[in-house]
There are 2 protein chains.
Amino acid sequence: MSKYVYYFGDGNADGNAKMKNELGGKGANLAEMTSLGIPVPPGFTLTTAVCNYYYENNLNYPAELEEQVMQAIQKNEKVMGQIFGDEKNPLLFSVRSGARSSMPGMMETVLNIGLTSKTIPGLIAKTNNPRFVYDAYRRLITMYADVVMEKAEGVETEDGHGIRHRLEKILDEFKATNNYKSDTDLSGDEWKQLTEQFKAEIKAILGKEFPDNHIEQLWGGIGAVFKSWNGKRAINYRRIENIPSEWGTAVNVQAMVFGNLGDDSATGVAFTRNPGTGDNKFYGEWLINAQGEDVVAGLRTPLPLNEATKASGDESKSLETTFPELYDQLDKIRLNLEKHYRDMQDIEFTIQEGRLWMLQTRVGKRNGVAAIKMAVDMVHEDLIDKNEAILRVKPSQLDELLHPMVDPVEERKVSPLAKGLPAGPGGASGQIVFTADDAEAQAKDGKKVILVRDETSPEDVHGMHAAVAILTAKGGMTSHAALVARGWGKCCIVGCEALHISVDKKIVEIGKKTFKEGDWFTLNGTVGKIYEGQLPLKDADPESNEEYSELMEWADEIRKLGVRTNADRPEDAALARKFGAKGIGLCRTEHMFFDPQRILAIRKMILAETEEDRRSAVMELLPYQKADFKGILDAMHDLPVTIRLLDPPLHEFITLDDEQIKELAAEIKVAEDDIRKRIDELHEFNPMLGHRGCRLGIAYPEITEMQARAILEAAAELTKEGKTVYPEVMIPLVGSLAEFKNQETIVREVAGKVMDEQKVEFEYLVGTMIELPRACLVADEIAEAAEFFSFGTNDLTQTTYGFSRDDIGGFLPVYLDEKILPVDPFQSIDQSGVGQLVELAVKKGRSTREDIKLGICGEHGGDPDSIDFFHRVGLAYVSCSPFRVPVARLATARATLEN
Amino acid sequence: MSKYVYYFGDGNADGNAKMKNELGGKGANLAEMTSLGIPVPPGFTLTTAVCNYYYENNLNYPAELEEQVMQAIQKNEKVMGQIFGDEKNPLLFSVRSGARSSMPGMMETVLNIGLTSKTIPGLIAKTNNPRFVYDAYRRLITMYADVVMEKAEGVETEDGHGIRHRLEKILDEFKATNNYKSDTDLSGDEWKQLTEQFKAEIKAILGKEFPDNHIEQLWGGIGAVFKSWNGKRAINYRRIENIPSEWGTAVNVQAMVFGNLGDDSATGVAFTRNPGTGDNKFYGEWLINAQGEDVVAGLRTPLPLNEATKASGDESKSLETTFPELYDQLDKIRLNLEKHYRDMQDIEFTIQEGRLWMLQTRVGKRNGVAAIKMAVDMVHEDLIDKNEAILRVKPSQLDELLHPMVDPVEERKVSPLAKGLPAGPGGASGQIVFTADDAEAQAKDGKKVILVRDETSPEDVHGMHAAVAILTAKGGMTSHAALVARGWGKCCIVGCEALHISVDKKIVEIGKKTFKEGDWFTLNGTVGKIYEGQLPLKDADPESNEEYSELMEWADEIRKLGVRTNADRPEDAALARKFGAKGIGLCRTEHMFFDPQRILAIRKMILAETEEDRRSAVMELLPYQKADFKGILDAMHDLPVTIRLLDPPLHEFITLDDEQIKELAAEIKVAEDDIRKRIDELHEFNPMLGHRGCRLGIAYPEITEMQARAILEAAAELTKEGKTVYPEVMIPLVGSLAEFKNQETIVREVAGKVMDEQKVEFEYLVGTMIELPRACLVADEIAEAAEFFSFGTNDLTQTTYGFSRDDIGGFLPVYLDEKILPVDPFQSIDQSGVGQLVELAVKKGRSTREDIKLGICGEHGGDPDSIDFFHRVGLAYVSCSPFRVPVARLATARATLEN
């Protein structure tokens, strides 16, 4: 018989922290904490196998499940001395999700299960607190109706407003009628009266009675959690976070404890270190006489946990001063957990009538700065070793250090509009929008948008993802917006109470000013300040972060893959060098042609009728190109610089309207009709597969000759100036040895001439970009002549899959939704298809030329998963944009450790 | 020391017929004939290795060559009893090219080498025929000036007229002044006078003296032949015929014999069987008192060889009646050669003063009808076996039997404009053009053109290739035009003397009628009749050709690969079945959408806003599609029919101008702007890599559902009618198992429903088109679900090479010229690249599903070289257009024999 239910309670647990795959993160850690002797309300976990069984068997449970659940309930009853469904001493349960990987707020929870007309009187008698009992009952009714009776059943109401909204409206109206400000103003009788109204409304709207049976409530809650695994929010989140649907969720059923039983009760959320800065200080928030959901939802602004983390001038009472003994107990648990888990923990606790209960521990999310600091600190504290530290920092978290900040000089000159909590560091400027859909739509149009909301909810994740920054009026540092933004390393300010937002009118009022959709804000997420308009942003300066520098040094010691950068200009090369790039893997030459003087020469060339005219037009570009290459080779002196010869089809240089044709005709004295004819001739149906890459240099050898001369003369002159440069001439879009040799011959001939003319010698390589399936298939032949291969995985993905990157938008969303593609293959390399070709080319290339230099210069060079793959196939280096260089340095080190 | 020179003469030869690679075809056969005791003027052959050495060493010869040549000359002198350069008894030489594969007229020849001021008096004394000697001298001067001094040196004259033209003009003017009609009217003195004028003109135009030294003449001639191997004509011809440049040419130096020494001298060209019909009759032409070049050039109309092949009413004298003994000797040689070579020979002979000399034998070119008849006849004559017969017929030669003919019923109703010699069988209609360049240019624009010339020359081959037919005013059945057209199986009429062509005015006069460029002619090449305008053409009827049927039966017995057809309509399917196709390998469904009623439904679908509307629009197509599929399945009953689901991107169905948008808007009640917006949305930058193939069916599953239902309901209904059908549903453009499964699921669900509804069972398969590199790479995965693979090698070539078939024209000519591509990869499969993927997919596919059905349905399915490859990789069938089916049947048999 399979074991589907794992019990934990009173110091004993069936499971442990290592069983995350079966019990989910929450369940595994509840078991672990229980075994550690930490006070945890007893309960049990239904495994992820139940979830998978449920979906594979048409929403039915395994036959043995019910009995296992009933046995676990009995154990619980024994430990708690309470009976589930009992008239006198009823046991209540919470039902919570718990996936392998944390998915905050993406799935459902039902609390207070077990409250029925039968158990309520007993609980009132026992607690002598009807207000508490009916408040708990209305919470159960609301959650249950929303989660179990509506969402899980897929019910849609006509006006689009859910049952939760309707029930909250009844409560709001009641409070308004009675002039109540807070929920705590309501009496027990009033809550009771409201629960009756709630139940009637549910019956009216959903057509079914709220169940008055504790067993029915329990199974309803369990089913709703499993169903929420395939809810729209959860699916969206999994897609963004690359979580496979096969993982499933576990369900945790746990005895209820209450933080809202009076002023000796409380609830809180804390981190064992500061998740925003990484400081080794206990950091958290709590609320007296409240349930946990009140903290997370951001409805009441919580209080600081201790004195050390209070802002100066903050008058609020910390847990440390309010309940010193309990704080002390909590702080000991904190140290115990960190030592045990060797990582920062995110914990939830509840104090019920003076007794501390731990509801959860899990590895805490943190932003990049904090992740780096914690990892490096923990090495110094001997908690972990350097390798572990490297594995602790996600490469993408470095982005935060590398993102621009608001220019501090400019920032000092202006006053902020308002101030909020600094939930996500870094600076951002954007145009404000008020809904997630608007954020997504306008971002798609290329706008930088800041999503401004009262508070965010899991329904908003797509818009949060699309926005450059998030700003909320409510919520704390552990609110939904803060958690999500931190996970993504996105600029975010929360709890900015000065905001008065009208979503309908699409305006926000701050003081006497009104801002409408499209107005510009600048956010400094590091300090929580909001500015009107666009302030200049400043490049990040990761070098000033000591822990970052230390971590990167460790990474550099470990990694096997080299890291170069893709840069077309000396400035970019210099920046990348500062970020740690050891050379240029791809210097594109085409942008250099768009300068007005140069484009004229190119157009003359395109319109030339004879080879002679074409040659003389091309040669006009030589001095410009030489200067370009001199700059970039100089900026990367002592390091290799791979320069790709002209790649795009010629028609890109001669896209002209009538007016421009007229001007050009006058300027270069060619008939307008001839220009039009030539433009027509150059038109291509599939330019991606057209006359480009080395096909240009083969048809117009004078282009190759000019570019080779520019590169090699630049190298010669720098060499004579006493500099050491390593130019690597890269022939693009090669599919056969014959193509490569045709172009190589030109380059080598020019090189010989240049060295003769300038009486100087220097090293240079001639190699190719491997970006066509055929190039991979005949890589052994091409390697006979090519000294290096640089994989152009963007184009290789296009041709291998037959996907045009410019057109894939037409069906990519469907492909991701239908799980036909696990991930956009232009973001992360398709290892089994495109990767197979890369592997083949590596093997074949080496079979002919053992010491062939192998690198990759496609966009995938900055993607950690792809980097891991490139490490495994044995490339020598990856090349990526300057800002991705630190990411790649870390990712390459992780790849070394993980393989 | 390498042997570079092979001697032959007087019954002894260093080489033999097997040494074609070294000696070229001509040299090898001269050696062979010599060894057979056939009278051959003695001589020697410089090997193809000399040619390659010459080009690899900057146009220098191997050091040992000169001595070997001098030794061979001495042997020749001994046999002939004449001395090269001798004052009294001079030996003269011819210098001719000779490649491995015959390249008629593509390279140079120089005759009469050795005539100098020193040798001429001796020769006059010896022959007592100054007219002959000076005629020979002027021929030497003309050829030498043209070939050695001008072409080989790359001299270009200002007005574009070559030296040959100028010399001929001098002769023409001389004849006009003297009122001479024929060259034979000139006396010896007059020829002498002309040779002096020629030499003066040469000096004036080319700036150099014509050499008066026999050794200088000889080496000049040899060098010119080697240089002509890389002349423009030869390169063009090699490109068309796929002859590698590395083969090189040999040079044959041979003692001169003269057919123009008087009325006891003659020259002729003959075939051992009729090259136009295959009849086993000695067939040839001769001229009395003439040199061989006079026959080939078509300047004089030659006489028939024998009585048996004379046309009725032909009064001209045959060789048989003029020189019966010599004819008898020749006929014996003919039989000897056929028995020895076991194939039809093309021979050249010269009679010098009553003595017969054989100048050449080679396997004779023949048209398709003749090739088939000869091959089958020779099997019946026990000369060859069936396998040999199959290898004797080039698959492309079958084309001739399959080409349309002028409809005989219609033809009888009209009178021909004129009549010529039936040099290339079959019928053709086209617009007349007068230059090869015009033919090429207009054919590129999609026109069908007939090239009309006085006579053709090797300079015209590109235009001849581009034309649908060739018509000349001069020349015989062995003229250049006739030889070339026969080789290509192209409709051709030569020697139509009624034509009066003015190339300058671009008109041709026939009788009193004048036709200008662009006017339509229809040619019946089988009988040599020319008609005004366009006559209807009729499908070929190969079945009526008994030898063809016999040969195809033999082919079918031998071949391993199956042959299917690509057909979209029942008529095509029926035709292909008649041609021997065993099923349909590719039935495209998109053409079925362009009918006005249907296109409206498709457009409604494209413009639908909801899935429901889209579905209802698509379902309107169901009855049409069902009828389509019923027709085609019925036409191919008992045989498999592979039907491909919709493939092209939707924008192909909605390419509309403003007026059409307006109409559509009115018709389907959608705003014009919405139509425009949707058209914009559907626009793609690279449609080849866009939203097409299975990507359509995945995004719009209702299309797949409708098509599957149409196919399967058609199959169900035919099954109920008692017919056996084998539908094979093919999912296009699959790159992963997930894509395939998505579509397969729909098809199988529909199949289950249809069988239930119709209460009938039938077999069907679901498979995929393998046309993306990724599909090949993960073929093992795809084969988990796919029951068959059909390779779409067109698209696979596009993506593997990164070549758009629509755009490759921009650089393909350069690629072929520069030898970067050996052949257009869309015509013949790129075996090392694309082929490697096909092999991989075959291996991987079989590793998962041992009995997977494997075929190919790209255009390469009708290309013999590609078929050979597909045989080797072990496919089960090829599929091609109906007219290519016989070609494929033969090619598949040849592939079996050759591997």
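Residues numbered from 1 in each chain as written. Chains lettered and ligands numbered in written order. Predicted model: local features only at pLDDT ≥ 70, side-chain atom pairs only at ≥ 80, totals over all residues. Heavy atoms only, no water.

**A closer look at helix 24 (residues 622–635) of chain A**
Right, so step 1: Its 14 residues give helix 24 of chain A an end-to-end C-alpha distance of 20 Å, which sits within 8% of 20 Å, the value for a rise of 1.5 Å per residue.
Right, so step 2: Those residues of helix 24 of chain A that fall on the buried side of the exposure criterion are A:Leu622, A:Gln625, A:Lys626, A:Asp628, A:Phe629, A:Ile632, A:Leu633 and A:Ala635. (Helix = DSSP H or I, 4+ residues; strand = E, 2+ residues; numbered from the N terminus. Expected span 1.5 Å × (residues − 1). Buried < 20%, exposed > 50% of the residue type's maximum accessible area, 1.4 Å probe, protein only.)

**Description of unusual backbone geometry**
Generally, phi is negative for residues other than glycine and the peptide bonds are trans, each holding for most cases.
Residues and elements named next belong to chain A.
Right, so step 1: For Asn128, which is not glycine, the phi torsion reads 55° and is therefore positive.
Right, so step 2: Looking at the secondary structure, you find Asn128 in the loop between helix 4 (120–127) and helix 5 (130–151).
Right, so step 3: Residue class for Asn128 comes out exposed when judged on its relative accessible area of 67%.

**Let's talk about the sheet that holds strand 21 (residues 499–502) of chain B**
Residues and elements named next belong to chain B.
Right, so step 1: Spatial strand order, 21-22-23: 3 strands in an open sheet with antiparallel pairing. Edge positions in the open sheet fall to strand 21 and strand 23 (513–516), since each of these has one partner strand only. Going from strand to strand, the sheet's axes swing by 20° on average, the running direction of each strand aside.
Right, so step 2: In this sheet, strand 22 (residues 507–510) lies alongside strand 21 in antiparallel orientation, the contact comprising 4 bridges. Note that in strand 22 the partner of His500 across the bridge is Glu509. (Pairing = 2+ DSSP bridges. Axes fitted to C-alpha atoms, helices over the stretch in contact; angles between N-to-C directions.)

**Quick word on the packing of helix 5 of chain A against helix 8 (residues 214–228) of chain A**
Residue and element names in this part refer to chain A.
Right, so step 1: Where helix 5 meets helix 8, the closest approach of the two axes is 10 Å, and the angle between their N-to-C directions is 50°. Taken together, helix 5 and helix 8 sit at an angle that is classed as oblique. Where helix 5 crosses over helix 8, the two elements pack in a sense that is left-handed. The segment helix 5 lies against helix 8, with Leu140, Tyr144, Val147 and Val148 engaging Glu216, Gln217, Gly220, Gly221 and Ala224.
Right, so step 2: Partitioned by chemical class, the residues of the contact of helix 5 with helix 8 number 5 nonpolar, 3 polar and 1 charged. (Parallel < 35°, antiparallel > 145°, perpendicular 65-115°, else oblique. Left-handed = near helix turned anticlockwise from the far one by under 90°. Contact = heavy atoms within 4.5 Å. Nonpolar A, V, L, I, M, F, W, Y, C, P; charged D, E, K, R; others polar.)

**Remarks on the state of the cysteines**
Residues and elements named next belong to chain A.
Right, so step 1: Going through the model one piece at a time under the given rule, you end up with 0 disulfides over all chains.
Right, so step 2: Not part of a disulfide, Cys492 finds its nearest cysteine sulfur in Cys491, a span of 7.4 Å.
Right, so step 3: Distance from the sulfur of Cys587, which forms no disulfide, to the nearest cysteine sulfur (Cys857) is 11 Å. (Disulfide = S-S within 2.5 Å.)

**A look at the sheet that holds strand 34 (residues 877–880) of chain B**
Right, so step 1: Around the barrel, which closes on itself, the 8 strands sit in the order 27-28-29-30-31-32-33-34 (chain B) with parallel pairing between neighbours. The average undirected angle you get between the axes of adjacent strands in this sheet is 30°.

**Examining the interface of chain B and chain A**
Right, so step 1: Of the residues lining the interface, 45 residues belong to chain B; the matching set on chain A comes to 45 residues.
Right, so step 2: A combined buried area of about 3,800 Å² lies between chain B and chain A, and 58% of that area is made up of carbon and sulfur atoms.
Right, so step 3: Among the residues of chain B in contact with chain A, B:Asn686, B:Leu689 and B:Arg774 are the three that bury the most area, contributing 17% of the side total.
Right, so step 4: There are 2 salt bridges connecting chain B and chain A.
Right, so step 5: One salt bridge in this structure joins B:Asp830 and A:Arg774, with 2.6 Å as the shortest N-O distance.
Right, so step 6: Counting across the interface, chain B meets chain A through 26 residue pairs in polar contact (both at pLDDT 80 or more).
Right, so step 7: For the side of chain B that touches chain A, the secondary-structure elements that each account for two or more residues are helix 27 (694–699), helix 29 (737–758), helix 30 (773–777), helix 32 (793–801), helix 33 (812–817) and helix 34 (834–848) of chain B.
Right, so step 8: Counted by class, the side of chain B that touches chain A contains 20 nonpolar, 15 polar and 10 charged residues. (Buried area = accessible area lost by both parts, 1.4 Å probe. Salt bridge = Lys/Arg side-chain N within 4 Å of Asp/Glu carboxyl O. Polar contact = N/O pair within 3.5 Å; in protein donor to acceptor, adjacent residues only side chain to side chain.)

**Section: the pattern of salt bridges**
Residue and element names in this part refer to chain A.
Right, so step 1: With the rule as written, the count across this model stands at 124 salt bridges over all chains.
Right, so step 2: One salt bridge connects Asp572 with Arg569, and the closest N-O pair in it is separated by 3.0 Å.
Right, so step 3: Residue Arg569 is classed as partly exposed on the basis of its relative accessible area, which comes to 38%.
Right, so step 4: Among the salt bridges present, the one from Glu705 reaches Arg615, with a minimum N-O distance of 2.9 Å. Here Arg615 lies in helix 23 (residues 611–619) and Glu705 lies in helix 28 (residues 701–720), a separation of 90 residues in the sequence.
Right, so step 5: Salt bridges linked by common partners bring Lys626, Lys630, Asp634, Arg709, Glu713, Glu717, Glu721, Lys723 and Glu757 together as one network.

**Some points on the pairing of strand 17 (residues 427–433) of chain B**
All names here are of chain B.
Right, so step 1: Burial analysis of strand 17 places 7 of its 7 residues in the buried class, which makes it a mostly covered element.
Right, so step 2: Two strands pair when backbone bridges link them, and strand 17 and strand 24 (residues 520–524) are joined in this way by 5 bridges, in the antiparallel orientation. Residue pairing for strand 24: Gly427 is matched across the bridge by Asn524.
Right, so step 3: Alignment of strand 17 against strand 18 (residues 449–453), held across 3 bridges, turns out to be parallel. From the neighbouring strand, Val433 faces strand 18, where its bridge partner is Leu451.
Right, so step 4: In this view, the connection linking strand 17 to its parallel neighbour strand 18 by way of helix 17 (residues 436–444) has right-handed handedness. (Right-handed = clockwise from strand over helix to strand, strands pointing away.)

**Comments concerning the relation of the copies chain B and chain A**
Right, so step 1: When chain B is brought onto chain A, the operation consists of a screw motion whose angular component is 180° and whose axial shift is 0.0 Å, with 0.3 Å RMSD remaining. As the rotation angle and translation indicate, the two copies are arranged about a two-fold axis. Closest to the rotation axis within chain B is the C-alpha of B:Asn686, separated from it by 2.0 Å.
Right, so step 2: Most of the interface of chain B is mirrored in chain A: 100% of its interface residues are interface residues there too. (Least-squares fit on C-alpha atoms with pLDDT ≥ 70 in both.)

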